[in-house]
Amino acid sequence: MSLEKILRDRKNNKKILLMTHIVLGYPSFEVNREVIAGMVENGVDCIEMQIPFSEPMADGPVILKANQDSLALGTSVEQCLEFGREMAEQYDIPFLYMTYYNIVYKYGEKAFFEASAAAGIKGLIIPDLPPEMSPDFFGYAKEYRIAPILIFTPTSTDERMAALNNHGSGFIYCVARRGVTGAQSEFDDGFSRYLKRCRKATGLPLAVGFGIRDRKDIEALIGKADMAVIGSETIRLVDSKGARAVGPYLADLLATN
Amino acid sequence: MNKQGFFGNWGGSYIPEILNRTFERLREEYDRARNDPAFWQDYTNLMSTYSCRPTPLTFAENLTNHFGGAKIYIKREDLNHTGAHKANNVMGQGLLVKRMGKKRVIAETGAGQHGMATATMAAKFGFECTIYMGEVDVLRQRPNVFWMEKMGAEVVPVKDGNRTLKDAINEAFRDWVSHVDSTHYVFGTACGPAPFPEMVSWFQSIIGREATEQILAMHGRPPARVYGCVGGGSNAMGIFQGFLGNEETELVGVEAGGRGLDSGLHAARLSGTDASPGVAQGYKTMFLQNDDGQMLETHSVAAGLDYVGVSPILADLWERKKVRFESATDGEVIEALDLTMKLEGIIPALESAHGFVQAFKEAGDLSSDDAIIINQSGRGDKDIFTIADAFDDPSWKEFIIERAEQYKTNS
């Protein structure tokens with residue numbers, strides 16, 4: 001089933017979906033397993049697994065450090081692909097890879113799609129690959145039925161959103177604000193107008209991320225977006241309170257759902 | 001450059017979506033400036049009144065006699081204001097920033113020369129200025145940090161990754177995506193997403209334009225070879241553009257051989273065999289990376305050459321065999337520097353000294369009717385701490401210890 005269809009089905013009996021993020025191999029694959037188990041148990045709808053890269057230019061300090069620490073521990077792309085396969089097999093929710101283009105490019109675009117499809121991965125988020133930079137990538141995405149997730153931002157013009165929409169599938173990732181991952185966002189009137197523009201530009205489900213931390217943030221998105229994305233916050237939580245803290249935190253986030 | 005910003009197989013613009021509009025505007029403004037003859041006129045006026053352009057071409061008579069071959073000429077970019085070719089690019093971008101109406105500039109810096117030039121430009125044009133610099137480079141280029149701060153710039157030491165140039169670039173990009181509306185990122189070299197490689201090379205082409213005329217006036221015909229050190233590649237692109245397509249002249253780019261190409265401790269992307277095609281920091285080029293695509297640590301005695309990638313324009317010229325690439329080791333660099341100081345009274349930057357090394361290796365093989373040009377991209381006095389260490393200079397050490405004691409007693 002396509003990622004879009006899976007998400008739409010899940011949305012039928014929920015006010016809003018939740019996607020969470022982990023950095024593979026940080027602090028260890030063992031902890032990744034524990035964290036993902038907690039996420040799935042508590043009703044997370046979709047998980048993006050970041051394959052670490054040495055130059056994560058779009059990530060803020062928390063995820064940057066997680067990338068570097070994971071690589072310092074020796075995390076390889078092969079291990080990440082294997083871990084993805086294990087998760088997709090074990091749990092009945094869609095898993096995505098998030099990484100930077102060089103990881104895919106160096107592995108070989110076709111080979112990477114082949115490996116991701118074999119692992120049961122439903123989508124790819126590559127923040128430094130604008131569609132015009134690799135027609136091949138988007139061709140393979142169709143061939144292997146893996147959704148290339150494209151990104152709208154508050155600086156995107158209506159024309160740009162329309163152009164991106166032509167290449168994306170699965171859902172559109174709407175970045176809530178300027179900046180990198182992990183800083184606080186303001187969900188004000190300007191933000192609502194921006195989400196309306198996003199909605200107008202695409203028929204795909206809208207996921208909103210960057211700076212979402214608590215139940216209040218999620219409630220503010222109900223009716224405006226289809227899915228909320230929690231990124232740096234769960235990493236902060238695992239860093240400060242351990243893997244077990246993730247379940248209760250997510251349960252509280254989704255209490256109104 | 002084609003429409004997507006590629007030079008052959010290299011270049012492009014692999015940027016986060018948040019920067020899309022900013023790059024569109026930058027491309028528009030750059031195209032307008034390029035098509036406006038008055039812009040280049042303003043630029044050269046500025047460079048001849050605020051900096052020291054045209055910079056001289058110096059005939060190095062003693063070095064020529066020493067090697068007994070080709071006549072050695074040195075293009076003196078060290079005599080630019082702020083002491084390096086970096087000023088050319090920065091002042092050009094400063095004029096663009098004024099046209100775009102932005103009020104804040106940011107920059108990365110390795111050796112500190114680009115940061116220094118940017119801080120200078122910001123002071124002159126009245127922009128706010130933040131400079132990102134790897135913590136390792138902050139330590140080895142302390143005098144430049146001092147001057148940047150004195151000119152009103154904020155210098156932010158970057159503590160991630162290898163804490164050198166590429167990490168400073170990542171951090172500058174992070175700042176830029178957070179402040180796209182107010183801020184221009186003054187990229188320091190002919191790398192990064194389009195249009196930076198071409199735009200920076202355009203501003204630097206002033207070096208080659210002058211050198212072409214100067215060598216004709218002094219030598220009567222084009223040089224046999226032109227040497228330039230290659231970190232990101234902006235000074236080499238600058239001088240090479242004066243001679244590209246000229247069959248008589250061979251262009252030679254010299255990379256950091258560090259402790260030797262077999263040691264793994266170098267920054268040889270095009271002259272060695274350790275690099276492979278990749279995409280990072282917004283562009284496609286030959287990167288020093290492992291099989292997974294993770295960037296490797298690089299090493300050079302010269303902070304400005306210590307970088308994992310290289311200009312996509314140079315990667316294209318390398319692939320089409322229009323430029324030959326060589327490398328110089330840290331040790332060879334210090335020897336060439338020593339000789340140049342003793343024989344000519346000229347102090348090249350450690351970066352520039354890489355070009356001197358290769359020129360010295362080859363000068364003797366050429367005829368005395370031939371001329372060669374070495375691009376001296378910057379002056380070496382900024383490297384006083386590193387050079388003093390390399391020479392293990394006893395009187396300098398004594399001085400530093402005494403000065404430290406004085407500070408301790410007075411505080």
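All values derive from a computational prediction rather than experimental measurement. (Residues numbered from 1 in each chain as written. Chains lettered and ligands numbered in written order. Predicted model: local features only at pLDDT ≥ 70, side-chain atom pairs only at ≥ 80, totals over all residues. Heavy atoms only, no water.)

Asker: Honestly, the UniProt feature "domain: Tryptophan synthase beta chain-like PALP" (unreviewed entry) in chain B in this entry has me stumped. Any pointers?
Answerer: Residues given the UniProt feature "domain: Tryptophan synthase beta chain-like PALP" (unreviewed entry) here are residues 52-375 of chain B. When the span residues 52-375 of chain B is considered, its composition is 41% helix and 21% strand, and the gap between its end C-alpha atoms is 16 Å. (UniProt positions renumbered as here; feature names shortened; annotations may be inferred. Helix = DSSP H or I, 4+ residues; strand = E, 2+ residues; numbered from the N terminus.)

Asker: Help me out: how do you make sense of a nonpolar patch on the surface in this one?
Answerer: All names here are of chain B. Side chains of Ile-384, Phe-385, Phe-399 and Ile-400 sit close together on the surface and give an oily, nonpolar patch of about 300 Å² of accessible area. Within the residue set of the nonpolar patch, elements represented by two or more residues are helix H14 (384-391) and helix H15 (394-410). Inspection of the secondary structure puts Ile-384 in helix H14. What makes Ile-384 partly exposed here is its relative accessible area of 36%. (Patch = residues over 30% accessible without salt bridge, like charges linked within 9 Å, V, L, I, M, F, W, Y side chains within 5 Å. Areas by Shrake-Rupley, 256 points an atom, 1.4 Å probe, with all protein chains shown as cover. Salt bridge = Lys/Arg side-chain N within 4 Å of Asp/Glu carboxyl O. Buried < 20%, exposed > 50% of the residue type's maximum accessible area, 1.4 Å probe, protein only.)

Asker: Could you clarify how one ought to interpret helix H12 (residues 330-344) of chain B in this entry?
Answerer: Residue pairs spaced three or four apart in an α-helix point in one direction, given the helix's 3.6 residues per turn. All names here are of chain B. For H12, built from 15 residues, the straight-helix expectation of 21 Å at 1.5 Å per residue is met to within 8% by its first-to-last C-alpha distance of 21 Å. Three or more residues of H12 are buried, namely Asp-330, Val-333, Ile-334, Ala-336, Leu-337, Thr-340 and Glu-344. Buried residues of H12, viewed axially, fall in a sector of 165°; they line one side. For H12, exposure combined with an orientation more than 90 degrees from the buried face picks out Glu-335 and Lys-342. Lining the buried residues of H12 we find helix H3 (61-67), strand E10 (250-258), strand E13 (323-329), helix H13 (350-363) and H14. With its phi angle positive at about 65°, Gly-345 sits one or two positions after the end of H12. (Expected span 1.5 Å × (residues − 1). Arc of directions from axis to C-beta. Contact = heavy atoms within 4.5 Å.)

Asker: How should I be thinking about the interface of chain A and chain B in this particular structure?
Answerer: Put simply, an interface is often sized by how much accessible area is lost when its parts join up. Listed per partner, the contact involves 37 residues of chain A and 38 residues of chain B. Together chain A and chain B conceal approximately 3,000 Å² of surface at their shared face, both sides included; 55% is due to carbon and sulfur atoms. The largest per-residue losses of area from chain A upon contact with chain B belong to Met57(A), Lys106(A) and Met133(A), which jointly make up 24% of the total buried on that side. Put simply, chain A and chain B have two salt bridges between them. Two residues, Lys166(B) and Glu55(A), come together in a salt bridge whose shortest N-O distance is 3.0 Å. Inspection of the region where chain A meets chain B yields 14 residue pairs in polar contact (both at pLDDT 80 or more). Classifying every residue of the side of chain A that touches chain B gives 19 nonpolar, 10 polar and eight charged. (Buried area = accessible area lost by both parts, 1.4 Å probe. Polar contact = N/O pair within 3.5 Å; in protein donor to acceptor, adjacent residues only side chain to side chain. Nonpolar A, V, L, I, M, F, W, Y, C, P; charged D, E, K, R; others polar.)

Asker: What's the story with the sheet that holds strand E8 (residues 183-185) of chain B in this structure? I'm lost.
Answerer: In a beta sheet, neighbouring strands are held together by backbone hydrogen bonds and run either parallel or antiparallel to one another. Residue and element names in this part refer to chain B. With respect to topology, four strands assemble into an open sheet ordered E7-E6-E5-E8, the strand pairing being parallel. Whereas interior strands pair on both sides, the edge strands pair on one side only; in this sheet they are strand E7 (154-158) and E8. With direction set aside, neighbouring strand axes in the sheet form an average angle of 20°. Summarising the sheet, strand E5 (residues 104-109) and E8 pair through three bridges and their orientation is parallel. Residue pairing in the sheet places Val-105 in a bridge with His-184 of E8. (Pairing = 2+ DSSP bridges. Axes fitted to C-alpha atoms, helices over the stretch in contact; angles between N-to-C directions.)

Asker: Just checking my understanding: could you explain the layout of surface pockets for this structure?
Answerer: The gaps left among the atoms become clear once a water-sized probe is rolled over them. Within this model, the largest pocket holds a volume of roughly 290 Å³. Lining the largest pocket are 13 residues, with Glu132(A), Lys3(B), Gln4(B), Asn20(B) and Arg27(B) sitting closest to its centre. Among the residues making up the lining of the largest pocket, the classes are represented as four nonpolar, four polar and five charged. (1 Å grid on protein atoms, 1.4 Å probe; cavity = no way out; pocket = protein on both sides within 12 Å on 5 of 7 lines; lining within 4 Å. Points joined across faces, edges and corners; volume = space filled by probe spheres on them.)

Asker: Help me understand the sheet that holds strand E7 (residues 206-209) of chain A in this model?
Answerer: All names here are of chain A. Reading around the circumference, E1-E2-E3-E4-E5-E6-E7-E8 is the order of the eight strands in this closed barrel, with parallel pairing throughout. When strand polarity is set aside, the average angle formed by the axes of neighbouring strands in this sheet is 30°. Pairing of E7 with strand E8 (residues 227-230) involves two bridges; the strand directions are parallel. Bridge pairing in E8 places Ala-207 opposite Met-227. Sitting on the sheet, helix H2 (residues 29-41) is in contact with strand E1 (17-23), strand E2 (46-50) and strand E3 (95-98), with an inclination near 175° to E1.

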